[in-house]
Amino acid sequence: MQRIGVFVCHCGTNIAATVDVKAVAEALGHEPGVVISQDYQYMCSESGQNLVKDAIKEHDLGGVVICSCSPRMHENTFRKAAASAGLNPYLVEIANIREQCSWIHKDIATATEKAIILGKAAIAKVHLNTPLTSMESPVVKRALVIGGGIAGIQTALDIAEAGFDVDIVEKQPTIGGKMAQIDKTFPTLDCAACILTPKMVEASQNEHITIHSFSEVEDVKGFVGNFTVKIRKKARYVDETKCTGCGLCTEKCPMKKVPNEFNMGLDNRSAVYIPFAQAVPKVATIDPNYCMMLKNGKCGVCSKVCSVGAIDYKQQDRIIEEKYGAIVVATGFNPIKLDKYDEFAYNQCPDVVTSLELERLMNAAGPNGGTLLRPSDKTHPHTIVFVQCVGSRCDDSKGKPYCSKICCMYTAKHAMLIREKYPDTEVYVFYIDVRTPGKNFDEFYRRAVEQYNVHYIKGMVGKVTPKSDGKIGVQASDLLSNEQLHIDADMVVLAVAIEPDKTARPLATMLTTQMDTNDFFTEAHPKLRPVESATAGIFLSGACQGPKDIPETVAQGSAAAAKAIGLLCKNSITCNPCTAHSNELMCNGCSSCEKVCPYGAITYIDKEFRMPDRTTAIRRVASVNPAVCQGCGACTVACPSGAMDLSGFSNSQIMAEVDAICK
Amino acid sequence: MQVNENKEFQPLIVAFCCNWCSYAGADLSGTNRLNYPTNVKIIRVPCSCRVNPMFILRAFQRGADGVILCGCHPGDCHYTSGNYFTRRRMTLLFSMLDFLGIERDRTRVEWVSAAEGAKFAATMNEFTEAVRKLGPNRRLEDLRCRKQ
Amino acid sequence: MQEAMIKRAKELLADGSVKRVIGWKRGEFAYDITPAVFESAEELDKDFVFDDFTSANVSKYLVKESKKEGKVLVFLKPCDTYSLNQLTKEHRVDRDNIYVIGIPGGPKLDIEKIKAKGITGILSVKNDNYTLKIDTLYGEETMPFSEAILDKCASCKSKKHVTYDELIGEDGDVLDSDRFDMVEKLENMTAQERYDFWREQLSKCIRCNACRNVCPACTCEKCVFDNPNSGVENKAASDSFEENMFHIIRAFHVAGRCTDCGECSRVCPQNIPLHLLNRKFIKDINSLYGEYQAGADTTSRAPLTDYTADDCEASIVHERGAE
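Residues numbered from 1 in each chain as written. Chains lettered and ligands numbered in written order. Predicted model: local features only at pLDDT ≥ 70, side-chain atom pairs only at ≥ 80, totals over all residues.

## Some details on the overall build of chain A
A count of helices and strands for chain A gives 18 helices and 36 strands. Rg of the C-alpha trace for chain A: 33 Å, well past the compact-globule value of 26 Å for 663 residues, more than 25% over. Taken along the three principal axes of its C-alpha coordinates, chain A extends 100 × 65 × 50 Å. Classification of the 663 residues of chain A by burial places 52% in the buried group. Put simply, of all contacts in chain A between residues at least 6 apart along the chain, 70% involve residues at least 24 apart. (Helix = DSSP H or I, 4+ residues; strand = E, 2+ residues; numbered from the N terminus. Rg over C-alpha atoms; globule rule 2.2 N^0.38 Å. Buried ≥ 20, exposed ≤ 12 C-beta atoms within 10 Å, placed from the backbone. Contact = placed C-beta atoms within 7 Å.)

Following this line, the structure appears as structure tokens:
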């Protein structure tokens, strides 16, 4: 039996006025195992703590119960005091007789009775407490950023700035992401490339940053501070270390009819290509789906013209393995597919375009060199209709239930730019609501309406019909004047909902992070921990967590970096010792615990056991990683055999408390 | 079960409170001096999902007249999903107890945040009264544990 | 059918594809069938039986047998395949080491129902076109087949094999069954009536553990009721609370995992309708969290290890129905 010391605090009159503390100390002194029971004016004071420390030494205590204020207040104080007296800090229990007794009760007799019961429960628990030691787990001082858009670039730059090595894994041949495709940015109308490309160059030149372009994360193992990640470097059939990015191969390549994904398929590129002029790394990539040499071995022009011999048709995917202390997810977004939206005639009419396509059509480096022309006949459009919320704020299964957040502002931008450049063009915007919270956002939108005379009409477009004369019939309703409108447009622009990148879900599985039903990563706390995932060491940057505009994305990217830096600064992490553990002899290996663990702390191993009949058998048993476990205890209840238990809140401890209270 | 001088039945209520929300909510009702009966005895658990149905049955066996489980509001769990599991487990457990004819009002789940001191006190007042009306737990008690 | 099964089992043993066969053999009486493991053609010829009394779900034996060296052949009725799937999902069996031959399901017979007709000294029971011809020490007796069907077969949920490597006979379909009728009837009673009902039933419990031992979901390495450290260790119910607790905890531990094979009630020597507890959970799960059939597949998430943000609150128990 433990030798237990009980210390009852008066807390001035806070406790002593309603609880007869002397009676409590007296009563608890008779409990089994209690060798000393004292009361004192202020237990948390220096002299109160000394009282505890001295008693631990003098009476060789194996457990301490403090009857005082809430453990949320002073549990740590008393744990530290115990530790300094040589007692394991986890052998201290608090009976909360202030917040949960003296402060809420008036009658001294019943309050004292309750305080005694609470004290008995704590004594019953402390009998079963075991010394716990916090584990230290080392931190690998290197971060991985998954995704090389503006979010990933910002995060990587900030981490590198703090002096830590950071790798960017980008699945496209170049970093830059969606922002690289955007023409101008709201609300300042500065050119996206002008502010993004210097950052891309900065990232490529930073000695702490390694860019794995045209690469994907293949596998993630490990836990906070110590992740092992396999990265697939896809074969680009060009030796990155040799290619100078001169672009001669792309000029000479005879296969020129490949849809150019950077320009949203609005023009063509060659089979060997550099996505755009400022690509980083500026290295050519051969598209194996179109390259004649790779498809049937007949061509080889690029290899011949390359003066540095960078072309390598035999290149294979390579898997590299790296260790990281922190991982930042920055997988970004994509516009949704419009297959289910036949009413907008997107697939029938080339002059019905998405907003991202319009960005390219208006961009100086785009298919038309910056002149806005209809994709069908390359004529100037004179009437343009913008349709808002295509697939956003949908209550049916076709679209997304959420607001894509950026569309109102970029449509105002598009409308304004068009009216600025082509004042003879009439611009109509059909909207459900115009949402413009943000610094200078509403002013920007009002400028579009007031200064540029963009026709904003509250109402949804019902049907878009291409006509034989090349016009596009737009049928819509004006909800404010309650009339049906028919507009003959030259172009229709759809503000398409955005969704998380398709790679996000498999990645979330690898990272054991959580996602919502829309595949956005879930933050650890929606208000207080917005850039961390619930899985320790995994941080969230940019639109992978929810729709965001550029300033928000950058802010979140920097915030995620700050969190990652905070982790990387540490040499090791102290783990909470109140973690779950599985009794291998009882574990069924049924995986119930793993299913309810929000942190992916549980894995299974095949272990050999000696059976009673002296044979050996291999069984699957759960193993908890204490560095990852946060100690919620969900697994302990999911476990049917009771093999899983939680240190500090064990089954027997809680039941002992129940028994003491009900006695 | 306690019987005081005016012989009013004093039910014993065991309250399991999650450390992050409800236990803090209980502390807050203390800080604000919001009264609730001494019948309520709180056991701190890291998360409502730590509460095994065995603990609840144990409490009834040993003489509790009501058991209440408090956790963070759905969506606010400190461990992100713990209370969602709690909700399913307790719904099914309570439904089973009801199926066995145990009075429904002896068990309850309530979501109380760290800011809801008033709600905590109100809940405990209400629950204690509901259990008081039911009288002593006889259908799920262990006679050997009955106090004389 | 029995001949076809023995023939196929012998073939698989002979060509070395399996090392053992799990089936049934006769006990002391003709109707006293027990699961058995056969290792040779001779054993099969001598003892293997498949008839109207081979109702035992043998899937649980695979927990041990599938871990032994060499493949094991098992004959599974449709309901038994659900149990196997559930065991596979929980990694309790090595499915790759099992060769499943799906065989037709029941309805199987309940000897107690025959005995209840006052028929004693039973030597054999034959099904002659849905009339049972019962040969007894005292001469032949007859009774309709339909009156001797096992309860679990009477409310059969599925004739479909959800996992098998080959079939003998035809595969069936998932059935509409009335299996929740009795649960519903109890739900509509008052709390006092329900309490009285269960007191009467559960007070009969002798804690023989047959329900637990036969249950294919109860395969824990060490049961909490046998574990002195679990806090609920309990060898004999010495009080009404312990009678209740054992069955509540047992049902809760298999909630969302119970395939409703009905074995618990079949083996209960006290005829306690234990399956009603499991069915109550199944009914609740179906109505509150969406239709879920444990063992229908090996990948879906069990209802108690899953959630949605808008699940109902526990207070639904208080809100629905009359007290």
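## Quick word on the interface of chain B and chain A
Listed by partner, the interface residues are 34 residues for chain B and 34 residues for chain A. Put simply, the parts of the chain that give the side of chain B that touches chain A at least two residues each are helix H1 (22–31), strand S4 (40–45), helix H2 (53–62) and helix H3 (82–99) of chain B. A total of six residues in the side of chain B that touches chain A trace back to one element, the largest contributor, which is H1(B). Split into classes, the residues belonging to the side of chain B that touches chain A amount to 17 nonpolar, 10 polar and seven charged. (Nonpolar A, V, L, I, M, F, W, Y, C, P; charged D, E, K, R; others polar.)

## What to know about the sheet that holds strand S2 (residues 34–40) of chain A
As a general point, the strands of a sheet are linked pairwise by backbone hydrogen bonds and lie either parallel or antiparallel. Residue and element names in this part refer to chain A. Taken together, the four strands give an open sheet; going across it, the order is S2-S1-S3-S4, and neighbouring strands pair in parallel fashion. Only two strands of the sheet have a single neighbouring strand rather than two, namely S2 and strand S4 (92–96). Direction aside, neighbouring strands of the sheet carry axes that sit 15° apart on average. Pairing geometry for strand S1 (residues 4–9) and strand S3 (residues 63–68), over five bridges, is parallel. Its bridge partner being in S3, Phe7 is matched across the sheet by Ile66. Running over the sheet, helix H1 (residues 21–29) touches S1, S2 and S3 and is turned about 175° from S2. Strands in contact with helix H5 (residues 108–126) are S1, S2, S3 and S4; relative to S4, the strand with the most contacts, it is inclined by about 160°. (Pairing = 2+ DSSP bridges. Axes fitted to C-alpha atoms, helices over the stretch in contact; angles between N-to-C directions.)

## Considerations on the packing of H1(B) against helix H4 (residues 117–134) of chain B
All names here are of chain B. Between H1 and H4, whose axes approach to 7 Å, the crossing angle comes to 90°. The angle between the axes of H1 and H4 places the two elements in the roughly perpendicular class. Here Ser22, Gly25, Ala26, Leu28, Ser29 and Thr31 of H1 lie close against H4, whose contacting residues are Gly117, Ala118, Lys119, Phe120 and Ala121. Of the residues contributing to the contact of H1 with H4, the split by class is five nonpolar, five polar and one charged. (Parallel < 35°, antiparallel > 145°, perpendicular 65-115°, else oblique.)

## With respect to the interface of chain C and chain A
Taken together, the contacts link 16 residues of chain C with 19 residues of chain A. Its residues assigned to classes, the side of chain C that touches chain A shows two nonpolar, eight polar and six charged.

## Considerations on the environment of Pro288(A)
Residue and element names in this part refer to chain A. Take Pro288: it is sitting in the loop between strand S16 (285–286) and helix H9 (292–296). Its 15 C-beta neighbours within 10 Å are what place Pro288 among the partly exposed residues. For Pro288 and Pro335, which are 47 residues apart along the polypeptide, the C-alpha to C-alpha distance reads 25 Å.

## A look at the sheet that holds strand S27 (residues 491–496) of chain A
All names here are of chain A. Read from one edge to the other, the open sheet built from five strands follows the order S20-S27-S21-S22-S23, with strand pairing classed as parallel. Only two strands of the sheet have a single neighbouring strand rather than two, namely strand S20 (352–354) and strand S23 (455–458). Neighbour to neighbour, the strand axes of the sheet diverge by 20° on average, direction disregarded. Lying over the sheet, helix H11 (residues 355–362) contacts S20 and S27, oriented at roughly 95° with respect to S20.

## Regarding the pairing of strand S7 (residues 165–169) of chain A
Residue and element names in this part refer to chain A. Extensive coverage of S7 is indicated by the burial of five of its five residues. Neither face of S7 is exposed, since Asp165, Asp167 and Val169 on one face and Val166 and Ile168 on the opposite face are all buried. Where strand S6 (residues 142–146) meets S7, five bridges bridge the pair, whose relative direction is parallel. Across the sheet, the residue bridging to Ile146 is Val169, located in S7. Since S6 and S7 lie parallel, the crossover through helix H6 (residues 150–161) that links them has a hand, and here it is right-handed. As judged from the four bridges shared by S7 and strand S10 (residues 209–212), these two strands associate in the parallel manner. Within the sheet, the bridge partner assigned to Val166 lies in S10 and is Ile209. (Right-handed = clockwise from strand over helix to strand, strands pointing away.)

## As for the pairing of S4(A)
Residues and elements named next belong to chain A. Among the five residues in S4, five count as buried, and that is most of the element. Covered by surrounding structure in S4 are Val92, Ile94 and Asn96 together with Glu93 and Ala95, the residues of both alternating faces. Assessed by its sense of winding, the connection that carries the chain from S3 through helix H3 (residues 71–84) to S4 is right-handed.

## Re unusual backbone geometry
Residues and elements named next belong to chain A. Of note, the bond from Phe186 into Pro187 is cis; its omega dihedral lies within 30 degrees of zero at -5°. Inspection of the secondary structure assignment puts Pro187 in the loop between strand S8 (184–185) and strand S9 (190–191). The step from Val280 to Pro281 runs through a cis peptide bond, and the omega angle for that step is 0°. Structurally, the position occupied by Pro281 is in the loop between strand S15 (272–273) and S16. A positive phi angle, close to 55°, is found at Asn453, a residue other than glycine. Structurally, the position occupied by Asn453 is in the loop between helix H13 (441–450) and S23.

Read these as layout, nothing more, since geometry by itself doesn't imply function.
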